[in-house]
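Chain residues, written in single-letter form:
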Amino acid sequence: MTGSTSSASTPNGATKSLHGSPRLLLGLAAVAVAFAAADTYVVVLALPEMGSAVGISPEELQRAAPIISGFLLGYVAMLPLIGRIADLRGRVPVLVAALVIFALGSLVTTLAYDMPTMVSGRFLQGLGGGGLVPATLALVADLYPRERRGVPLGVVSAVQELGSVIGPLFGAVVLAVSDWRMIFLINLVVGLVLAAAIRALRFGHIPQESGPETRGVVPHRGFPDIVGGVLLLVSLVAGGLVFVRPPSLLQDLTWGQLFIPFAGDGRWLTPLGAAAVLAGLLFVVRCFTARRPLVDGPSWVRSMRDADVTGALFLAVALGGVILAFATADPKIQLFADQGYYYLAGSAVATVALVVHLRRTDSPLVPRGALRRTPAWGAILVSFFVGAALIAALIDIPLFARTTIYRDSQLMAALVLVRFLVALPIGAVVGGYLTRRFSAGLITAVGMLMAATAFMLMTQWDITSLEHLHTDATLVLCGFGFGLALAPVNAAILASTDDDVHGVATALVVVARMVGMLVGISALTAVGLRRYYAQLADNPLPPAREVCNGKTRCKAFSDLLSGAGIPQEHAIFAGAALCAVVAAGCALVVFRGAATRSFSAADVLRAGG
């Protein structure tokens, strides 16, 4: 199977006609991945306004943490299930469904009127955005042979990381001309447009008889389900009015009665809310009973059952416990959230239940033997340590800038990271290209050792270092090193697993990196705090009034505070360097058997001679 021929292998061995360019299909998928990835970071600047919209004051911004953790839960918890469905059903149907869910989440977030609705919207956004990644990576494996996957995998990795650059900038531009809701309205439009484009492109080239993986996906000939369309429209319009509650309708003597609750004060206990819910339920029933439904409900249910939805739920609870334990903690003062040990205990119970379930079920979420090859499970291990090191750069480089030279500007402190973020996607493309000629283990190790070297240089930074050009070179080195490691890890697991498990395999790599980031930031912060308090014990700060001649604050005292915090950041950077070295060592060992190259080492040596 190649990317330039007229056909490509599908997960189940069927052949799909690709009269159109697979690069265009992959390009649209990559754009979708980049846009969804940007949504991970877009709330950085908008979070205060989003919190205010649901009754959270800027002084209580920590209460807005569920807006972020809700997205992470959706992004990570159900990712393996989505990846497995992509293996069973096909990549493109999952891409389209993920974009629709992402758009729906954007709509709910836009119209959110309280914290539960906003968190629900962010959860749906994470669910849809996360589902794009394994489907797109698996699509690369479908369209390109293993020795030619390096560059497209590098491009996908690059655009995914490019979202971390685009997200804050996109948010800043929109907030400069409008409010935070416009961000998610744009997400809604872009998500629907991309879903329609991918669906039209792919279905335009798939004949009806192309294979069982298109079951329930290729549109039936004939008229669409008009009744289902009307029910969906009624549900969306009525639900939108419940969210928005236009003042002109609320104050009208006739229409205003639709907003009066039957009991209590819940918005959904009104005639309009009941109509929205009822129309939505009837639409779902229609999807399961109509001859030509807009959404083939039975087919999707079969796919979820075949993908082991029970095992996926156990895994979601296990991952959710870990995410909540770390993501809801205040990294400045604690390793876990106040309820962190309860979350981890629930995660442990769910993990045991998952192991028992996987041993007993006939069709497990992760098919038996799917990760039997060393490079396959090794990619998950390497990805975990890559994430643990990466989070230190994403969080602590801006934090270092904020505590040293940009104390009064969060935006300027965040922009320091741009040097790192620009170099990262460039490194991802280069790493993908090199994967065609050198072993995945070597490239990953070189990249992570470059990152480790940069982190060690950061341990020498002082209060004025960010004013000098050499720190720019350090940031570029670090970002480029991380970029180099991205494509080889994905190439290794795709080359070491069967075609029919590529979706779930790549999903597990993404999950491992995200979990590594959450665990890494908490563990490294704990190390940094220990160093900070030890430093204060040995060299206690003098009282502010003594330094500032009776005042409670002055530049001299701020400099002392910054100087006291620098050892903490040094300890975190040193810990990140250690994680990067561990990732490099693991990659050299576990990727030895990964057949990712198009040329052997001997061929390269002969070419060089």
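Residues numbered from 1 in each chain as written. Predicted model: local features only at pLDDT ≥ 70, side-chain atom pairs only at ≥ 80, totals over all residues. Heavy atoms only, no water.

Novice: Before we move on, could you go through empty space enclosed by the protein and cite the residues and values that matter?
Specialist: Taken as a whole, this structure holds 4 cavities of 30 Å³ or more when the rule is applied. In this structure, the largest cavity encloses a volume near 160 Å³. Looking at the largest cavity, it is lined by 14 residues, and the ones nearest its centre are S383, L486, N490, V509 and R513. When contributions to the lining of the largest cavity are tallied by element, the ones reaching two or more residues are α6 (115-143), α7 (150-177), α15 (374-403), α19 (469-495) and α20 (502-538). Here the lining of the largest cavity is composed, by residue class, of 8 nonpolar, 4 polar and 2 charged. (1 Å grid on protein atoms, 1.4 Å probe; cavity = no way out; pocket = protein on both sides within 12 Å on 5 of 7 lines; lining within 4 Å. Points joined across faces, edges and corners; volume = space filled by probe spheres on them. Helix = DSSP H or I, 4+ residues; strand = E, 2+ residues; numbered from the N terminus. Nonpolar A, V, L, I, M, F, W, Y, C, P; charged D, E, K, R; others polar.)

Novice: Provide a residue-level description of the packing of helix α4 (residues 79-89) against helix α12 (residues 297-306), including the pertinent values.
Specialist: For the pair α4 and α12, the least separation of the axes is 9 Å and the interaxial angle reads 115°. If you check the angle between α4 and α12, you find them roughly perpendicular. You can see that α4 and α12 cross each other, and the crossing is right-handed. On α12, the residues touching L81, I85, L88 and R89 of α4 are S299, W300, S303, M304 and D306. Each residue belonging to the contact of α4 with α12 can be placed in one class, and the counts come to 5 nonpolar, 2 polar and 2 charged. (Axes fitted to C-alpha atoms, helices over the stretch in contact; angles between N-to-C directions. Parallel < 35°, antiparallel > 145°, perpendicular 65-115°, else oblique. Left-handed = near helix turned anticlockwise from the far one by under 90°. Contact = heavy atoms within 4.5 Å.)

Novice: Please provide a residue-by-residue account of the confidence of the model for the protein, values included.
Specialist: On average, residues of the protein score 80 in pLDDT, and 82% of them reach the 70 mark or higher. When the elements of the protein are averaged for pLDDT, strand β2 (residues 15-17) gives the smallest value, 37, and helix α18 (residues 440-458) the largest, 95. A low-confidence stretch, residues 1-20 (pLDDT under 50), is modelled with 57 contacts involving residues beyond four sequence positions or located in other chains. Contacts for the low-pLDDT stretch residues 203-221, under 50 throughout, to residues beyond four places or in other chains number 38 contacts. (pLDDT = per-residue confidence, 0-100.)

Novice: Pulling in residues and values, what's your account of the side chain of H357?
Specialist: Along the chain, H357 turns up in helix α14 (residues 340-360). With a relative accessible area of 17%, H357 lands in the buried category. With near-sequence residues (within four places) excluded, H357 lies in contact with D308, T310, G311 and F314. (Buried < 20%, exposed > 50% of the residue type's maximum accessible area, 1.4 Å probe, protein only.)

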